[in-house]
Amino acid sequence: MADEKKKKKREKEASITPKITMKEIKRQKTLLIWSAVFFVYGVVFCYLPLGGWLMAFQKYKPKTGILHSKFVGLDKFRTLFSDPQFFRVFRNTLAMGTLNLITTFIMAILFAILLNEIRGNLMKKTVQTISYLPHFLSWIIVTGILHDALSSSGSVNELLISLGFIDTYIPFFSIEKYFWPIVAFANCWKETGWNAIVYLAAITSIDPSLYEAASIDGGGRWAKIKYITLPSIRPTIMILLLINIGNVINAGFEIQYLLGNSLIVEVSETIDIYVLRWGISQMDYSLGTAAGIFKSLISIVLIFTGNSLAKAFGEERLF
Amino acid sequence: MSKKKKEEEYYRPKKKHLSGWDKAFYTGNFIFMLAFVVITLYPILNTLAISFNDGIDAVRGGIHLWPRVFSIKNYQTVLGIQGFRTGAIITVLRTVIGTLTSLVANALLAFIVSRKRFLFKSQLSAFWVITMYVNGGLIPTFILFKYLHLTGSFWVYVIPGMVSAFNVLVMRTYMQGIPDSLEESAQLDGAGYMTVFIKIISPLCKPVYATVALFVAVYQWNAWFDAMIYNRLNDKYTTLQYELMKLLNSVMQQSGSAADAAATQGQAVSPQSVRSAATIITIVPIVCLYPFLQRYFVTGLTIGGVKE
């Protein structure tokens, strides 16, 4: 359905675009000049850095520059793949990315459905407004808040002790097994309300007569959610899942960088931090770039895999 | 109208006849929402309370929603840190200049690629969509900025991020919804493309402009990574969030920070309480503004997210 629509739209657009003639060029002079400006800007700031990928195949030295550095083929990639640290950061990135994706998705959908069930507009509005707030806070602030809440004298330890669950405080940031859940929780805390916006919009656009019909047929609340709400927002869920699947590999820099410490570095370091550490701090630009390229490739593979999976299951897809 | 209302009344389940299950559900849902609100707001209110509490006293812990020993020393200390004052000015500047330039650039590009007759509209669109998925990465970008003398300057915050493909797509979708007849009739009257853009399209695009402006402004306000990478050695161009990060690090390591220096000089502050005050200062403008812009980002997200 959607494909046909898109195809038709594309055909319609193609028929409207005029042929390149002198007259048309003259008529569109302003548009052409400005688009040239944007083209040059895009080449410089978005495409020129891609040329920097050459560094990954060189023994890059800042003195000699990209043009005159010695090419070493795939040496840097060999170094990269034989580095046990790199596999560790790769695993961490994928694990945290996947965990974040799943938890934030489930939380946002659950929150949207439950919020929709609230009676009373004022309460609904208030809860929703409050739920957006954390999205606007920077990761620095969120990390600071987390650090306060989970510190030895923080509110979480205080609560657990007063409820009698533990006798002495838990040093959350020194124990490896807590780190991934903390990061996932922080992502949920920050983004649940924001991510729910799209689902709420999709839910409110569902035809109310569907629910009425279900009521008449004796469908309860659960049946309505299962047979009407969820199927109606499925295209939205799928499209957002597709957009975000490519981001699994981007799943973390700021919070891991800010919260990571030497005690938990085995589980906290991600590819981005690895790139930063090798590239900027250790000045091995070539190795850092190679790691960056590897990341981009994985990201592209993920997007295409997600897209073809969606195609296989007959769902809406990105391209 | 009244008939519709009557119909609604007819179909709506009567509130008085709630079954036991319904009651349990509504109670459960209420508790869930309450827990959600508490978990969202408590940490922020707690930070607020600590920021107004005497720093040395706060170290003892046990402060919840209200300061125990009231003090404004923390705020005085924060405002006394030179970097924080510079950071505030730079952050305001980059938010204002960055948002304005980015808005103009994105709107103009969206205008161009949304013109049906434009010769290269699909090529130019594809050119920008690709940038959403592929980028050079940190190090090539860093080296490029160095070549362009953007590192160590204010403009590194404004120029490189001026065009964002995602925002352009959101604006393009909105502009495509505007009837062509408006443009055509203006052109019959002799208006050029610039006049159409400024006088006809832009006034109709206010909601989507507001959305994009909000996205960019929040990004600019919260940015710190560019300050750390490109202006590490340049205190002149530090930002609020970068200063906040330094304070956060000093709390984590508990050593050698401006706040500690102040504390040892006998002022009643601690790194944590100073950081709380700094956090509140950076949050206040956001908290005051975002509830009023709600409808804009809701429309913006639904355009960009659902339709793509």
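Every chain begins its residue count from 1, and numbering advances along the sequence as written. Labels follow written order: the first chain is A, the first ligand is 1, and so on. For this predicted model, a pLDDT threshold of at least 70 governs which residues receive local features, and a threshold of 80 or more governs which side-chain atom pairs are given and counted, while totals over whole chains, interfaces and linings are taken from all residues. Side-chain measures were taken over the full set of non-hydrogen atoms in the model, leaving aside hydrogen atoms and water.

Things to note about the overall build of chain A
Right, so step 1: Helix numbering and strand numbering both begin at the N terminus, where a helix is a DSSP run of H or I of at least 4 residues and a strand a DSSP run of E of at least 2. Each helix and strand counted, chain A has 16 helices and two strands in total.
Right, so step 2: Here the term buried applies to any residue with accessible area under 20% of the maximum for its type, exposed to any over 50%, and partly exposed to those in between, with areas from a 1.4 Å probe on protein chains only. Out of the 319 residues belonging to chain A, those deemed buried represent 46%.
Right, so step 3: Note on contacts: a residue pair is in contact if any heavy atoms of the two residues lie within 4.5 Å. For chain A, restricting intrachain contacts to residue pairs at least 6 apart in sequence, the fraction spanning at least 24 positions comes to 66%.

Thoughts on the nonpolar core
Right, so step 1: Counting residues in hydrophobic clusters, the biggest one holds 161 residues, and the most contacted among them are F136 and Y199 of chain A together with W128, Y209 and F297 of chain B.
Right, so step 2: Leave out the neighbours within four places in its chain, and Y199 of chain A touches F105, A108, I109, A112, I233, T236, I237 and L240 of chain A. Here, nonpolar core means buried Ala, Val, Leu, Ile, Met, Phe, Trp, Tyr and Cys residues that are tied together by side-chain atoms lying within 4.5 Å of each other.

Some points on the confidence of the model for chain B
Residue and element names in this part refer to chain B.
Right, so step 1: Residues of chain B with pLDDT of at least 70 account for 87%, and the chain-wide mean is 84.
Right, so step 2: Within chain B, no element has a lower average pLDDT than helix α14 (residues 258-264), which sits at 50, and none a higher one than helix α5 (residues 82-114), at 94.
Right, so step 3: A residue's pLDDT is simply how confident the predictor is in it, with values from 0 to 100. Residue range residues 255-259 is modelled with pLDDT below 50. Its contacts to residues more than four positions away, or to other chains, number seven contacts.

Some thoughts on the packing of helix α6 (residues 84-117) of chain A against helix α7 (residues 121-132) of chain A
Residue and element names in this part refer to chain A.
Right, so step 1: Helix axes are fitted to C-alpha atoms over the stretch in contact, other axes to C-alpha atoms as well, and angles between N-to-C directions run from 0 to 180 degrees. Across the interface, α6 lies against α7 with an axial gap of 9 Å and an inter-helix angle of 155°. With respect to their mutual orientation, α6 and α7 come out roughly antiparallel. Considering how the two elements wind past one another, α6 and α7 form a crossing that is right-handed. For the pair formed by α6 and α7, the contact residues are F111, L115 and N116 on the first element and K124, V127, Q128 and S131 on the second.
Right, so step 2: Three classes are used, and their members are as follows: Ala, Val, Leu, Ile, Met, Phe, Trp, Tyr, Cys and Pro are nonpolar, Asp, Glu, Lys and Arg are charged, and the others, Gly among them, are polar. Split by residue class, the contact of α6 with α7 holds three nonpolar, three polar and one charged. Reported orientations rely on four angle classes, namely roughly parallel under 35 degrees, roughly antiparallel over 145, roughly perpendicular from 65 to 115, and oblique for the rest. Note on convention: near helix rotated counterclockwise from far helix by under a right angle means a left-handed crossing. Clockwise means right-handed.

Let's talk about the interface of chain B and chain A
Right, so step 1: Counting residues at the interface gives 94 residues for chain B and 87 residues for chain A.
Right, so step 2: For the chain B and chain A pair, buried surface summed over both sides reaches about 8500 Å², with 75% attributable to carbon and sulfur atoms.
Right, so step 3: Any carboxyl oxygen of Asp or Glu within 4 Å of a side-chain nitrogen of Lys or Arg constitutes a salt bridge here. Close ionic contact of E24 of chain A with R117 of chain B constitutes a salt bridge, the shortest N to O distance being 3.0 Å.
Right, so step 4: Contacts described as polar in this section are N or O atom pairs within 3.5 Å, which, within protein, must combine one atom able to donate a hydrogen with one able to accept it, while residues neighboring in sequence count only if both atoms come from side chains. Where chain B touches chain A, the interface holds 21 residue pairs in polar contact (both at pLDDT 80 or more).
Right, so step 5: Along the lines of polarity and charge, the residues of the side of chain B that touches chain A split into 65 nonpolar, 20 polar and nine charged. Summed over both partners, buried area is the accessible surface (1.4 Å probe) that two parts give up on being assembled.

Considerations on the packing of α6 of chain A against helix α10 (residues 176-204) of chain A
Residues and elements named next belong to chain A.
Right, so step 1: Between α6 and α10, whose axes approach to 6 Å, the crossing angle comes to 40°. What the angle tells us is that α6 and α10 run oblique. Taken as a pair, α6 and α10 cross one another with a handedness that is right-handed.
Right, so step 2: Its residues placed into classes, the contact of α6 with α10 shows 21 nonpolar, nine polar and one charged.

Side note on helix α8 (residues 165-176) of chain B
Right, so step 1: Every helix has an expected span of 1.5 Å times one less than the residues it contains. Helix length check: α8 of chain B (twelve residues) gives 16 Å between terminal C-alpha atoms against 16 Å at 1.5 Å per residue, within 8%.
Right, so step 2: Along α8 of chain B, the residues that are buried comprise A165, N167, V168, L169, V170, M171, R172 and M175 of chain B.

Regarding the pattern of salt bridges
Residues and elements named next belong to chain A.
Right, so step 1: Here the structure, examined in full by the defined rule, presents 17 salt bridges over all chains.
Right, so step 2: Measuring nitrogen to oxygen at the nearest pair gives 3.1 Å for the salt bridge that ties R78 to D75. With R78 and D75 both in helix α5 (residues 75-81) and three residues apart, the pair spans about one turn of that helix.
Right, so step 3: A residue is classified by how much of its surface remains accessible, and R78, at 53% relative accessible area, is exposed.
Right, so step 4: Judged by relative accessible area, which is 38%, D75 ranks as partly exposed.
Right, so step 5: A salt bridge links K76 to D284; the nearest nitrogen and oxygen atoms lie 3.7 Å apart. Of the two residues, K76 sits in helix α5 while D284 sits in the loop between α15 (271-281) and α16 (285-312), which places them 208 residues apart along the sequence.
Right, so step 6: In this structure, a network of salt bridges that share partners links the residues R88, E266, E269 and R277.

What to know about the side chain of Q28 of chain A
Right, so step 1: Structurally, the position occupied by Q28 of chain A is in the loop between α2 (22-27) and α3 (29-51).
Right, so step 2: Residue class for Q28 of chain A comes out buried when judged on its relative accessible area of 0%.
Right, so step 3: A polar atom in the side chain of Q28 of chain A sits 2.5 Å from the backbone oxygen of R117 of chain B.

Things to note about the environment of R91 of chain A
Residue and element names in this part refer to chain A.
Right, so step 1: Inspection of the secondary structure puts R91 in helix α6.
Right, so step 2: According to the relative accessible area criterion, R91 is partly exposed, its value standing at 42%.
Right, so step 3: Residues R91 and V267, spaced 176 residues apart in sequence, show a C-alpha to C-alpha distance of 8.7 Å.
Right, so step 4: Ignoring any residue separated from it by four or fewer positions in sequence, one finds R91 in contact with W180, E266 and V267.
Right, so step 5: Among the polar contacts listed, one links the side chain of R91 to the backbone oxygen of E266, at a separation of 3.2 Å.

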